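Here is what each chain is made of, one letter per residue.
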Amino acid sequence: MSEDTTKEVGIITIEERAVLINKELEKAGVPSWGRASKVSKDIEVSPATAAGWLSGSLPRDCVALLRFCNFYGIDANYWVTGEPSADSQSADSPSFERMKRVVTIVRQFEVETGVVLSPDEFSEHIIKLFENEENHTYLLQNWKMMLIDNKD
């Protein structure tokens, strides 16, 4: 058997989990009619396993759980406990705060240097800074040198 058969796991009941996972699949655009069959095919699990998940059971196979979550864009912590991950997509999450800092740094660079980056340049700079935020002073100096000082 690949599903959890306990009456309650984490902080939500099986019934609450069934409602939650079906709402998430609805958001992901998975039609309710034939849902178990579609999940079964998409995730490569048995129809009985997929039906169990839709009824609120949890996978015992962690790889299947991750395949499911990655395929449908569902927070695994939310599926298991009913509580979103600390870093889930909310405006208060650390990743949003970090993104806000990075965008502000790049925008401030444009204002201070008078350089207007193209949309592609702007997004490339955001990505570079996001990947290496701790070295932002060094990166900004290099950008200034490349974009302004080399024009002379």
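Residues numbered from 1 in each chain as written. Predicted model: local features only at pLDDT ≥ 70, side-chain atom pairs only at ≥ 80, totals over all residues. Heavy atoms only, no water.

We now examine the pattern of salt bridges. Under the defined criterion, the tally for this structure stands at 3 salt bridges. Among the salt bridges present, the one from Lys38 reaches Asp42, with a minimum N-O distance of 2.9 Å. Separated by 4 residues within a single helix, Lys38 and Asp42 lie in helix α2 (residues 35–43), roughly one turn from each other. Take Asp42: its relative accessible area is 22%, and that puts it in the partly exposed class. Among the salt bridges present, the one from Arg107 reaches Glu110, with a minimum N-O distance of 3.2 Å. Note that Arg107 and Glu110 are positioned in helix α6 (residues 94–113) at a spacing of 3 residues, about one turn of the helix. (Salt bridge = Lys/Arg side-chain N within 4 Å of Asp/Glu carboxyl O. Helix = DSSP H or I, 4+ residues; strand = E, 2+ residues; numbered from the N terminus. Buried < 20%, exposed > 50% of the residue type's maximum accessible area, 1.4 Å probe, protein only.)

Our focus in this paragraph is the packing of aromatic side chains. Within a pair of aromatic rings, the relevant descriptors are the distance that separates the centres and the angle that separates the planes. Applying the stated rule across the entire model yields 5 aromatic pairs. Taking the centre distance of 5.6 Å and the plane angle of 80° together, the rings of Trp53 and Trp79 count as edge-to-face. With a gap of 26 residues between them, Trp53 in helix α3 (residues 47–54) and Trp79 in helix α5 (residues 76–81) connect regions that are remote in the sequence. Accessibility classification places Trp53 together with Trp79 in one group, the buried group. Ring geometry for Phe68 and Tyr72: centres 5.1 Å apart, planes at 65°, overall edge-to-face. With Phe68 and Tyr72 both in helix α4 (residues 62–72), this residue pair falls 4 residues apart, about one helical turn. Tyr72 shares its class with Phe68; the two are buried. (Phe/Tyr/Trp six-rings, centres within 6.5 Å; stacked < 30°, edge-to-face > 60°.)

Ranked by size, the top nonpolar core spans 17 residues in total, and within it Leu25, Val39, Trp53, Phe68, Tyr72 and Trp79 carry the most contacts. When residues of this core are traced back to their parent elements, those giving at least two are α1 (14–27), α2, α3 and α4. If you tally residues by element for this core, the top one is α4, at 5 residues. In this structure, Ile105, Leu129, Leu139 and Trp143 belong to the second largest nonpolar core, which totals 12 residues. (Core = buried A, V, L, I, M, F, W, Y, C linked by side-chain atoms within 4.5 Å.)

This part is about the confidence of the model for the chain. Here the chain averages 81 in pLDDT, and 84% of its residues register 70 or above. Within the chain, α3 carries the highest mean pLDDT (95), whereas strand β1 (residues 8–9) carries the lowest (44). Scored below 50 in pLDDT, residues 1–9 shows 24 contacts in the model against residues more than four places distant or in partner chains. (pLDDT = per-residue confidence, 0-100. Contact = heavy atoms within 4.5 Å.)

So, about the packing of α2 against α4. Remark: α2 packs on α4, axes separated minimally by 10 Å, with the N-to-C direction vectors making an angle of 105°. By the angle between their axes, α2 is roughly perpendicular relative to α4. Across the interface between the two elements, Lys38, Val39, Asp42 and Ile43 from α2 touch Ala64, Arg67, Phe68, Phe71 and Tyr72 from α4. Class assignment of the residues belonging to the contact of α2 with α4 gives a composition of 6 nonpolar, no polar and 3 charged. (Axes fitted to C-alpha atoms, helices over the stretch in contact; angles between N-to-C directions. Parallel < 35°, antiparallel > 145°, perpendicular 65-115°, else oblique. Nonpolar A, V, L, I, M, F, W, Y, C, P; charged D, E, K, R; others polar.)

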